[in-house]
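# Inside the fold
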Amino acid sequence: MANVKLAELRLKSRLIHQLPTLSQCEIARRWRVDPDTARGIIRDAKIPRARGPWKRARYCILDIWRLEGIPISTALSRSDHSELMSPLLKVSDLAEVCRCSSATIRNWVRAGMITSITLGGSIRFHDHVISSLFEGNEVPKTEFITRRQI
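Quick look at the structure, then. (Residues numbered from 1 in each chain as written. Predicted model: local features only at pLDDT ≥ 70, side-chain atom pairs only at ≥ 80, totals over all residues. Heavy atoms only, no water.)

## Looking at the overall build of the protein chain
Counting its secondary structure elements, the protein chain contains nine helices and five strands. Reading the helices (α) and strands (β) of the protein chain from amino to carboxyl end gives α-β-α-α-β-α-α-α-β-α-α-β-β-α. In the protein chain, which comprises 150 residues, the proportion classed as buried is 36%. Of the contacts formed within the protein chain by residues at least 6 apart in sequence, a portion of 59% connects residues at least 24 apart. (Helix = DSSP H or I, 4+ residues; strand = E, 2+ residues; numbered from the N terminus. Buried < 20%, exposed > 50% of the residue type's maximum accessible area, 1.4 Å probe, protein only. Contact = heavy atoms within 4.5 Å.)

## So, the sheet that holds strand β5 (residues 122-125)
Taken in spatial order, the three strands of this open sheet run β3-β5-β4, and their pairing is antiparallel. Strands at the two margins of the open sheet, each flanked by one partner only, are β3 (89-90) and β4 (117-119). For β4 and β5, the ladder comprises three bridges, and the chain directions are antiparallel. Paired with Thr118 across the bridge in β5 is Ile123. (Pairing = 2+ DSSP bridges.)

## Some details on helix α2 (residues 24-31)
Within α2 the residues assigned to the buried category are Gln24, Ile27, Ala28, Arg30 and Trp31. Buried residues in α2, looked at end-on, bunch into an arc of 160°, giving them a common side. In the stretch just after α2, Arg32 is the one whose phi turns positive, near 60°. (Arc of directions from axis to C-beta.)

## Regarding the pairing of β5
Bridging between β3 and β5 involves two bridges; their strand directions are antiparallel. Its bridge partner lying in β5, Leu89 is registered against Phe125. Between the antiparallel neighbours β4 and β5 lie two residues, among them Gly120 with a positive phi of about 60°.

## What to know about unusual backbone geometry
In this structure, Lys46 is a non-glycine residue whose phi angle is positive, near 55°. With respect to the helices and strands, the residue Lys46 is situated in the loop between α3 (35-45) and β2 (58-60). Relative accessible area serves as the criterion here: at 71%, Lys46 is assigned to the exposed category. Positive phi outside glycine occurs at Arg99, with the angle close to 55°. Residue position: Arg99 is located in the loop between α7 (91-98) and α8 (102-111). Residue classification places Arg99 among the exposed residues on the basis of a relative accessible area of 78%.

## Digging into the nonpolar core
Membership of the largest hydrophobic core comes to 23 residues, with the highest contact counts inside it found for Ile27, Trp31, Tyr59, Ile64 and Trp65. Taken together, the elements giving at least two residues each to this core come down to α2, α3, β2, α4 (61-68) and β4. Looking at this core element by element, the count peaks at four residues for α4. Other than its neighbours up to four places away in sequence, Trp65 contacts Leu19, Arg30, Ile70, Ala75, His81, Leu84 and Met85. (Core = buried A, V, L, I, M, F, W, Y, C linked by side-chain atoms within 4.5 Å.)

## A short note on the packing of aromatic side chains
A complete count under the given rule lists zero aromatic pairs for this structure. In this structure, Arg58 is placed above the aromatic ring of Trp54, and the distance from its NZ or CZ to the ring centre is 5.6 Å. (Phe/Tyr/Trp six-rings, centres within 6.5 Å; stacked < 30°, edge-to-face > 60°. Lys NZ or Arg CZ within 6 Å of the ring centre and 35° of its normal.)

## So, the side chain of Gln24
Within the secondary structure, Gln24 sits in helix α2. A polar atom in the side chain of Gln24 sits 3.3 Å from the side chain of Tyr59. In contact with Gln24, not counting residues within four places along its chain, are Ala38, Arg39, Ile42, Ala57 and Tyr59. (Polar contact = N/O pair within 3.5 Å; in protein donor to acceptor, adjacent residues only side chain to side chain.)

What follows is the structure in structure tokens.
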């Protein structure tokens, strides 16, 4: 029953909002992973194929956004589509922007200072979330704990 409702939601949203469908290679480019890795993630998440006249499998962007943790209300808002369509950032990309090491970024993720997505063991970030987090070129402040404070 839930699958039928989800399929109807996909179809209606694609028609109303003119949301695209993506091939596995397009999804891999978006996630910045190898196509085989993207294929495995799609298979493990059991994302259904979009209906259409395509020879190769295509997937509704709503399902991809759902897998990435984007709320439905944000996904259906037309004003956010351009931000949501941008490729995800890698840890190294964010480290370059923040002028710090990749290990620091991973520590921030572990501490919950930055919202991230884990895809196939790789950490990825939404560009719009990071830009809103660092508005005004602010880097998260870390409090260093000395041994005496422990």
